[in-house]
Amino acid sequence: MAGKRPSGLGRQHWLLGLLMAVATVHLITCPYSKVEESFNLQAVHDLLYHRLDVEQYDHLKFPGVVPRTFLGPVVMAALSTPAVYVLSLLESSKFYSQLTVRAVLGLSVIFGIWTLQKEVRRQFGTTAATMFCWVTATQFHLMFYCTRMLPNVLALPVVLVALTAWLQHKWARFIRLSAFAILVFRAELSLYLGLPLLLALRTRRLPVAAALRCAVPAGALCLGLTVAVDSYFWQHLVWPEGKVLWYNIVLNKSSNWGTAPLLWYFYSALPRGLGCSLLFVPLGLVDRRALPLLLASLGFVALYSLLPHKELRFVIYTFPVLNIVAARGCASLLNNYKKSWLYKVGSLLVIGHLVVNAMYSATALYVSHFNYPGGVAMQRLHELVPPSTDVMLHIDVAAAQTGVSRFLEVNSAWRYEKREDVEPGSGHMLAYTHLLVEAAPTQLALYRDTHRVLASITGTTGVTLNLTKLPPFDITLQTKLVLLERLPVPS
């Protein structure tokens, strides 16, 4: 019938809705941020609320170890501006602006995933594309991180669209997007995106001369753009990602933040990131077209393993690509389930592994909910103290690292400070009406006679298995932060 929409298109939209719904659940369950997200989140706040008044920006007071690019925050702020403007007209709390900004980032990542999914559908079939969406939706880390203002996540949409262009053999687009991701966001992506480029050059699908004609101007443009924009905001000539590259690779100072064994990505990060779907990755190699995807991802992880400092988010770009390979393996079982009982068993395992992935994700998300005492403390402060009260709050390092952001400074009449040069118990500290401090007995003893406890905020210290209950685990909670209120001075 004319005008009737294909049923397949409806199923595709349903899968898109699934990805968006799962990302939304993660966002609402854990609405606060950690210290790793601090620069980008504060930068978006300052762009939205201080605009060109750079002197008021947070990064000039708390610059961090190395400078970061403003290009990601500029894009996020621009995309978020219409919704934030509407929220301001409704006189909504800035907290909802934080949720909006993070939601915009999540939509950007899902756009990249969906773009990649379309090419998976074209090359590997409908079943593989459908399984790719289900596998992605049921895994914890990719959905959890997709709304978090990390440099890796800001780069992820660009990486996913670039990899889609590589699969489509659209070499110019692939090279330009790769140059942007590498020079602006994460220099180590030269390893990840460089390997597919080398494969294209080796197979002579892409001539060297053509690659250079595209790469040189794209690189110059991207480098010039980041230097121009970031030099303005940092107020001195700087290429942020160049500084990061020098700090992490040449000086190897990233090791100051901890090291992990050589193979940690392989035995810890990838199994946690992919969940049970990792078991179907080898089966995906029944389709030879999946081999380059696997080689590029594992090659990047192997090369990046040489750097002692390791975090799961550093290899998050490989998760969607490995999910393609796993989805192809799942599809090979589902498409042949009528042929024999072995395929029927395999098909049940495919469905079962999605259930296990979802259960693990729900558990991990529930535990993660308790990891942001700083954000919870700020919410409690605004609930417990009348808005008309004269408040001058000091936020210590432990609170600032576990959920506090400028978006949570919702009362414009109050003063919020994160000064790190004030000694605990000193006269300067006693000048604050309220203190948000770590729950250390020695520190709390300094305020025993001058303050009262307004609220105690707990956080996760561990998870233990308990097979006698459902869910079969116990979360150990401990007081992490204490909100103190200064006692009235006797007349």
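See the structure shown above.
Residues numbered from 1 in each chain as written. Predicted model: local features only at pLDDT ≥ 70, side-chain atom pairs only at ≥ 80, totals over all residues. Heavy atoms only, no water.

### Remarks on the overall build of the chain
Secondary structure summary: the chain contains 19 helices and five strands in total. Since a compact globule built from 491 residues should have a radius of gyration of about 23 Å, the 25 Å found for the chain is in line with a globular shape. Across its three principal axes, the chain shows a C-alpha extent of roughly 85 × 60 × 55 Å. Sorting the 491 residues of the chain into buried and exposed places 52% on the buried side. Only carbon and sulfur atoms are counted for the fraction: they give 64% of the accessible area of the chain, which is about 23300 Å². (Helix = DSSP H or I, 4+ residues; strand = E, 2+ residues; numbered from the N terminus. Rg over C-alpha atoms; globule rule 2.2 N^0.38 Å. Buried < 20%, exposed > 50% of the residue type's maximum accessible area, 1.4 Å probe, protein only. Areas by Shrake-Rupley, 256 points an atom, 1.4 Å probe, with all protein chains shown as cover.)

### Digging into the pattern of salt bridges
One side chain can pair with another of opposite charge once the charged atoms of both are near each other. Enumeration according to the criterion identifies 13 salt bridges in this entry. Where Asp 287 meets Arg 328, a salt bridge forms, and the shortest distance between an N and an O atom there is 3.0 Å. Placement of Asp 287 in the loop between α12 (264–274) and α13 (291–304) and of Arg 328 in helix α14 (residues 318–334) is noted, with a sequence separation of 41 residues between them. Here Asp 287 and Arg 328 have matching classes, each one buried. The closest approach of N and O atoms between Glu 311 and Arg 313, which form a salt bridge, is 2.8 Å. Accessibility expressed as a relative area gives 22% for Glu 311, which makes it partly exposed. A relative accessible area of 11% places Arg 313 in the buried class. (Salt bridge = Lys/Arg side-chain N within 4 Å of Asp/Glu carboxyl O.)

### Here we look at the side chain of Gln 443
When you line up the elements, Gln 443 lands in helix α19 (residues 441–445). Not counting chain neighbours up to four residues away, the residues in contact with Gln 443 comprise Asp 396, Pro 424, Val 437 and Glu 438. (Contact = heavy atoms within 4.5 Å.)

### A word on a nonpolar patch on the surface
The grouping of Leu 191, Leu 262, Leu 263, Phe 266, Tyr 267, Leu 298, Leu 303 and Leu 306 at the surface amounts to a nonpolar patch, some 740 Å² of accessible area in total. Contributing elements (two or more residues each) for the nonpolar patch: α12 and α13. Within the secondary structure, Phe 266 is located in helix α12. (Patch = residues over 30% accessible without salt bridge, like charges linked within 9 Å, V, L, I, M, F, W, Y side chains within 5 Å.)

### Side note on the sheet that holds strand β4 (residues 451–465)
Across the sheet, which stays open at both edges, the five strands sit in the order β2-β1-β3-β5-β4 with mixed pairing between neighbours. Bordering the open sheet on either side are β2 (415–417) and β4, each of which pairs with just one other strand. Averaged over all pairs of adjacent strands, the angle between strand axes in this sheet comes to 20°, irrespective of strand direction. Across the face of the sheet, helix α15 (residues 341–368) comes into contact with β4 and β5 (473–486) while running at roughly 25° to β5. The sheet strands contacting helix α16 (residues 373–384) are β1 (392–395), β2, β3 (434–438), β4 and β5, and the helix crosses β4 at an angle near 145°. (Pairing = 2+ DSSP bridges. Axes fitted to C-alpha atoms, helices over the stretch in contact; angles between N-to-C directions.)

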